[in-house]
Amino acid sequence: MMSVPPPVTVLGLGNMGTALATALLGRGHRVTVWNRSPQKAAPLIELGARLAATPGDAVAASELVIPCVLDYEALYQLLAGATDSLAGRTVVNLTSGSPEQAHEALAWFRSHGADYLDGAIMTTPPGVGLDEVMLLYSGPREVFDGHRATLAALGDPLHLGADPGLASLYDVALLGLMWATMTGWLHGAALLGTEKGTATTFTPVAIRWLGTVNGFLTRYAGQVDAGRYPGDDATVDVQIAAIDHLLHAAATRGLDTTLPELLKSTMERASAAGHGSDSFASVIEVLAAPKAT
Ligand code: NAP
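A quick note: this is a predicted structure, and the numbers were derived from the prediction, not measured.

(A) Local environment of the side chain of Thr-95. Position of Thr-95 among the secondary structure elements: in the loop between strand E5 (90-93) and helix H5 (99-111). A polar atom in the side chain of Thr-95 sits 2.9 Å from the side chain of Asn-93. Residue contacts for Thr-95: discarding those within four places in its chain leaves Pro-67, Cys-68, Val-69, Leu-70, Asp-71, Tyr-72 and Gly-119.

In structure tokens:
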């Protein structure tokens with residue numbers, strides 16, 4: 001027998017909050033919403049959402065409460081008058097923030113009698129609800145398990161651990177990876193563009209290359225964790241020589257060379273620290289905090 005989907009409250013109806021509420025309505029949840037600018041609720045009301053008059057009424061309407069507002073300051077502001085409603089609620093906060101803010105939030109919500117999970121949405125609003133999209137959660141495992149089925153309406157839910165700061169730490173780590181990758185891709189597209197190539201023709205080749213790069217990450221992860229970087233495939237010094245070709249091709253075509261210069265200087269620092277004959281994984285030694293002796 002199918003159970004009735006539990007009611008959910010969504011606080012904040014910006015682009016992301018609206019996408020979250022829409023996905024929950026699509027899975028048959030009774031959704032109560034609140035937004036500082038109430039007119040933004042109109043399309044959701046058409047889909048069956050209920051608009052609460054106050055944040056307190058919205059929190060009181062559902063055991064599970066999902067805030068998604070600009071930042072933590074906005075979160076605390078909007079909940080300032082609603083703290084009496086928090087006892088017995090589970091708050092799954094999808095507002096972006098820092099690990100430290102997640103720790104403070106867990107303590108703050110607990111002090112008002114609510115359970116707390118911190119979350120990060122690894123997509124833009126059109127991706128919300130797709131099974132292939134990850135949403136990251138951290139905080140007490142039993143709280144996650146209790147709401148896993150509902151959270152699955154928003155995308156594939158991944159619980160990263162009991163430490164509430166983990167979701168935002170993974171979030172920024174993954175965004176850093178995304179920005180570095182996308183900037184490298186755009187630099188490559190600009191390079192091809194100087195020879196009448198297009199991003200559209202470059203991209204399938206780039207994506208195939210990323211498959212090979214995936215293999216490098218998997219191979220090097222063990223080296224990073226072991227702190228040993230055997231240079232038996234490609235050494236740092238070989239890659240320093242190779243990046244000179246990229247710098248030359250970019251400079252002679254009038255392209256910005258900031259990115260390859262940064263990459264080269266990072267590799268050079270690793271080489272200067274004695275890792276010239278080691279694998280690329282040894283670059284972690286100049287990126288990571290110094291190890292305690
Ligand atoms: P947005 O469209 O700018 O919406 C911001 C929301 O915050 C609105 O509901 C706004 O209310 C509310 N808000 C701002 N200040 C407030 C205050 N002082 N009191 C009460 N409510 C306040 O932003 P968004 O794209 O939905 O992003 C929301 C959160 O999701 C952010 O933390 C963002 O980092 C995160 N996120 C977004 C994406 C994305 O692709 N958009 C992806 C991952 C994570 P009003 O409507 O009244 O202005």
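(B) Expanded view of the nonpolar core. Of all hydrophobic cores here, the largest spans 31 residues; its most connected members are Leu-20, Val-33, Ile-66, Leu-94 and Leu-154. Per-element tally for this core: the top contributor is helix H1 (residues 15-26), with seven residues. With residues near it in sequence (within four places) discarded, Leu-154 still touches Leu-20, Ala-23, Leu-24, Ile-66, Leu-94, Val-128, Gly-129, Leu-135 and Tyr-137. Core analysis: the next-biggest nonpolar cluster, separate from the first, contains 20 residues, Leu-11, Trp-34, Ala-58 and Tyr-72 among them.

(C) Representation of H1 in the model. For H1, which comprises twelve residues, the first-to-last C-alpha distance of 17 Å matches the rise-based estimate of 16 Å (1.5 Å per residue) to within 8%. Burial in H1 covers these residues: Met-16, Gly-17, Ala-19, Leu-20, Ala-21, Ala-23, Leu-24 and Leu-25. Those residues of H1 hidden inside the fold are in contact with strand E1 (8-11), strand E2 (31-34), helix H2 (42-46), strand E4 (64-67), strand E6 (115-121) and helix H6 (141-151). Downstream of H1 by a residue or two, Gly-28 has a phi angle that is positive, lying close to 85°.

(D) Representation of the pairing of E6 in the model. For E6, a buried count of six out of seven residues is recorded, marking the element as mostly surrounded by other parts of the structure. Sheet analysis places E5 next to E6, joined by four bridges and oriented parallel. In the sheet register, Thr-90 faces E6, and the bridge partner there is Asp-115. As for the winding sense of the linkage, the β-α-β connection from E5 through H5 to E6 is right-handed. Note that E6 and strand E7 (residues 134-138) share four bridges and pair antiparallel. Paired with Ile-121 across the strands is Leu-135, a residue of E7.

Parameters and conventions
Per chain, residues are indexed from 1 in the order of the written sequence. In keeping with the predicted nature of the model, local features appear solely for residues at pLDDT of at least 70, side-chain atom pairs appear and are counted solely at 80 or more, and the whole-chain, interface and lining totals rest on all residues. Hydrogens are left out, water is left out, and the side-chain values use all remaining heavy atoms of the structure. In this description a helix means any DSSP run of H or I spanning at least four residues, a strand means any run of E spanning at least two, and both kinds are numbered starting from the N terminus. Nitrogen and oxygen atoms within 3.5 Å of one another constitute a polar contact, given that in protein one can donate a hydrogen and the other can accept it, and given that sequence-neighbouring residues count only through two side-chain atoms. Note on definitions: a residue-residue contact is assigned when non-hydrogen atoms from the two residues lie within 4.5 Å. Here, nonpolar core means buried Ala, Val, Leu, Ile, Met, Phe, Trp, Tyr and Cys residues that are tied together by side-chain atoms lying within 4.5 Å of each other. A 1.4 Å probe rolled over the protein chains alone gives each residue an accessible area, and that area as a share of the maximum for its type sets the label: buried under 20%, exposed over 50%, partly exposed in between. How far a helix is expected to stretch is found by multiplying one less than its residue total by 1.5 Å. DSSP-based pairing: two strands are paired if at least 2 bridges between them are found. A right-handed crossover is one whose linking path, passing over the helix from the first strand to the second, runs clockwise when the strands point away from the viewer.

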